[in-house]
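Descriptive analysis of the structure
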Amino acid sequence: MNPTPPPLPPPVLQGIALSKSFGSTHALDAVDLAVRAGESVAVMGPSGSGKSTLLHCLANIERPDSGQVLLDGERIDQLREPHRSEVRRVRFGFVFQFGQLLPELPAVENVALPLMLGGTPRREAERRARTWFAPLGLDGKEDSRPGELSGGQAQRVALARALVAGAQVVFADEPTGALDQTTGQEVIRLLVRVTKEQNAALVVVTHDESVAHWCDRTVRVRDGRIVEETTAAQGAVANAGAGR
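Residues numbered from 1 in each chain as written. Predicted model: local features only at pLDDT ≥ 70, side-chain atom pairs only at ≥ 80, totals over all residues. Heavy atoms only, no water.

1. Re the overall build of the protein chain
- Secondary structure assignment for the protein chain yields seven helices and 10 strands.
- At 18 Å, the protein chain has a C-alpha radius of gyration in line with the 18 Å of a compact globule built from 244 residues.
- The principal-axis extent of the C-alpha atoms belonging to the protein chain is close to 45 × 45 × 40 Å.
- Contacts spanning at least 24 positions in sequence make up 67% of the contacts within the protein chain whose residues lie at least 6 apart.
- Element-wise, carbon and sulfur atoms account for 50% of the exposed surface of the protein chain, whose accessible area totals about 11,900 Å². (Helix = DSSP H or I, 4+ residues; strand = E, 2+ residues; numbered from the N terminus. Rg over C-alpha atoms; globule rule 2.2 N^0.38 Å. Contact = heavy atoms within 4.5 Å. Areas by Shrake-Rupley, 256 points an atom, 1.4 Å probe, with all protein chains shown as cover.)

Structure (structure tokens):
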């Protein structure tokens, strides 16, 4: 007889019956979504479907009107703002479509910023930040400002910034939307690989089927509800490091 597979670990992040309205528009309608450590989930849907609102509620940026958001089994949606901000800074990481790097700071300071905001001395924060550059193919770019980086390089800096403080969950909102197809594929492969290596959960909002292809799971949202959920094709995630 085949041995019984071990039970799955509990989710690191869980949204339970999340609902959110803006005026008469129901952006989310009792949505459930759970993500485990080291798992990558793509959230897809047409404009206005609720996918970005779902990300914002899970990331503690927006409060749901009803439902719960749990991080390691503890509710975070009811925290007061100073604690919500701390969760976003320390336990979550963010990669946006245009990187949102500070243009006046060199790359190493952009990466070190979350650490310094958390009280890490500047020298130590920059030392830790520099350790991310070579693994992400950015060796020699530490002192370059965002305007001196290509789009793909800037997104790699944003990824380093998202992970430098040891994030448990990384949220990526259209991380390849401003990149050409080839560069975008390089960035999403790297994003999936590195978060998996760090045992961080990854939630990616995307319109691009080729981006979702690299994630472990894809959920499709329409009219504020999850209408479909699929698992990645065999081997797609295993090959996420190929071509780097």
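Alright, that's what it looks like, and here's the rest.
2. Quick word on the sheet that holds strand S8 (residues 201-205)
- With mixed pairing, six strands are arranged side by side in an open sheet as S6-S7-S8-S3-S9-S10. Edge positions in the sheet fall to strand S6 (92-95) and strand S10 (225-231), since each of these pairs with one other strand and no more. In this sheet, adjacent strand axes meet at a mean angle of 20° when their direction is disregarded.
- Of the strand pairs in this sheet, strand S3 (residues 40-44) and S8 are connected by four bridges, and their pairing is parallel. Pairing of Ser40 across the sheet is with Leu202, part of S8.
- Packing against the sheet, helix H1 (residues 51-58) makes contact with S3, S6, strand S7 (169-173), S8 and strand S9 (217-222), and its axis sits at approximately 155° to S7. (Pairing = 2+ DSSP bridges. Axes fitted to C-alpha atoms, helices over the stretch in contact; angles between N-to-C directions.)

3. Some remarks on the sheet that holds strand S2 (residues 25-35)
- What the four strands build is an open sheet, ordered S2-S1-S4-S5; its pairing is antiparallel. Every interior strand has two partners, whereas the edge strands, S2 and strand S5 (74-75), have only one.
- Relative to strand S1 (residues 13-22), H1 is tilted by about 125°, and along the sheet it contacts S1, S2 and strand S4 (66-71).

4. What about the pairing of S7?
- Where burial is concerned, most of S7 is hidden: five out of the five residues are buried.
- Alternating positions in S7 separate into two faces, Val169, Phe171 and Asp173 on one and Val170 and Ala172 on the other, with burial throughout.
- Sheet analysis places S6 next to S7, joined by four bridges and oriented parallel. Bridge pairing in S7 places Val95 opposite Ala172.
- Crossover handedness for the path S7 to helix H6 (residues 181-197) to S8: right-handed. (Buried < 20%, exposed > 50% of the residue type's maximum accessible area, 1.4 Å probe, protein only. Right-handed = clockwise from strand over helix to strand, strands pointing away.)

5. Describing helix H3 (residues 107-117)
- When you tally the buried positions in H3, you get eight out of 11 residues, the bulk of the element.
- Ala107, Val108, Glu109, Asn110, Val111, Ala112, Pro114 and Leu115 are the residues of H3 that are buried.
- The elements touched by buried residues of H3 are helix H2 (81-90), helix H4 (122-130) and helix H5 (151-163).
- Remark: Gly119 follows H3 within two positions and exhibits a positive phi of approximately 105°.

6. Looking at the pairing of S2
- With seven bridges connecting them, S1 and S2 associate as antiparallel partners. Among the inter-strand pairings, Gly15 is bridged to a residue of S2, identified as Leu33.

7. A closer look at the environment of Val35
- Residue position: Val35 is located in strand S2.
- With 23 residues separating them along the chain, Val35 and Val12 place their C-alpha atoms 6.1 Å apart.
- Setting aside chain neighbours within four positions, we find Val35 in contact with Pro11, Val12, Leu13, Val41, Ala201, Leu202, Val203 and Arg217.

8. Quick look at the environment of Asp139
- Tracing the backbone shows Asp139 in the loop between H4 and H5.
- Apart from the residues lying within four places of it in its own chain, the contact partners of Asp139 are Phe133 and Ala134.

9. Topic: empty space enclosed by the protein
- Taken as a whole, this structure holds one cavity of 30 Å³ or more when the rule is applied.
- The volume enclosed by the largest cavity comes to roughly 40 Å³.
- What lines the largest cavity is simply Val95, Gln155, Arg156, Leu159, Pro175, Val187, Leu190 and Leu191.
- Of all the elements in the fold, those that place two or more residues in the lining of the largest cavity are H5 and H6. (1 Å grid on protein atoms, 1.4 Å probe; cavity = no way out; pocket = protein on both sides within 12 Å on 5 of 7 lines; lining within 4 Å. Points joined across faces, edges and corners; volume = space filled by probe spheres on them.)

10. Some details on the confidence of the model for the protein chain
- In the predicted model, the protein chain carries a mean pLDDT of 89, and 92% of its residues have values of at least 70.
- This stretch, residues 234-244, has a pLDDT under 50; its non-local contacts, to residues over four places away or in other chains, come to 15 contacts. (pLDDT = per-residue confidence, 0-100.)

11. Some remarks on the layout of surface pockets
- Taken as a whole, the largest pocket holds about 440 Å³ of empty space.
- Taken together, 20 residues line the largest pocket, and the ones lying closest to its centre are Arg88, Arg89, Phe94, Pro114 and Arg161.
- For the lining of the largest pocket, a count of residues per class yields 12 nonpolar, five polar and three charged. (Nonpolar A, V, L, I, M, F, W, Y, C, P; charged D, E, K, R; others polar.)

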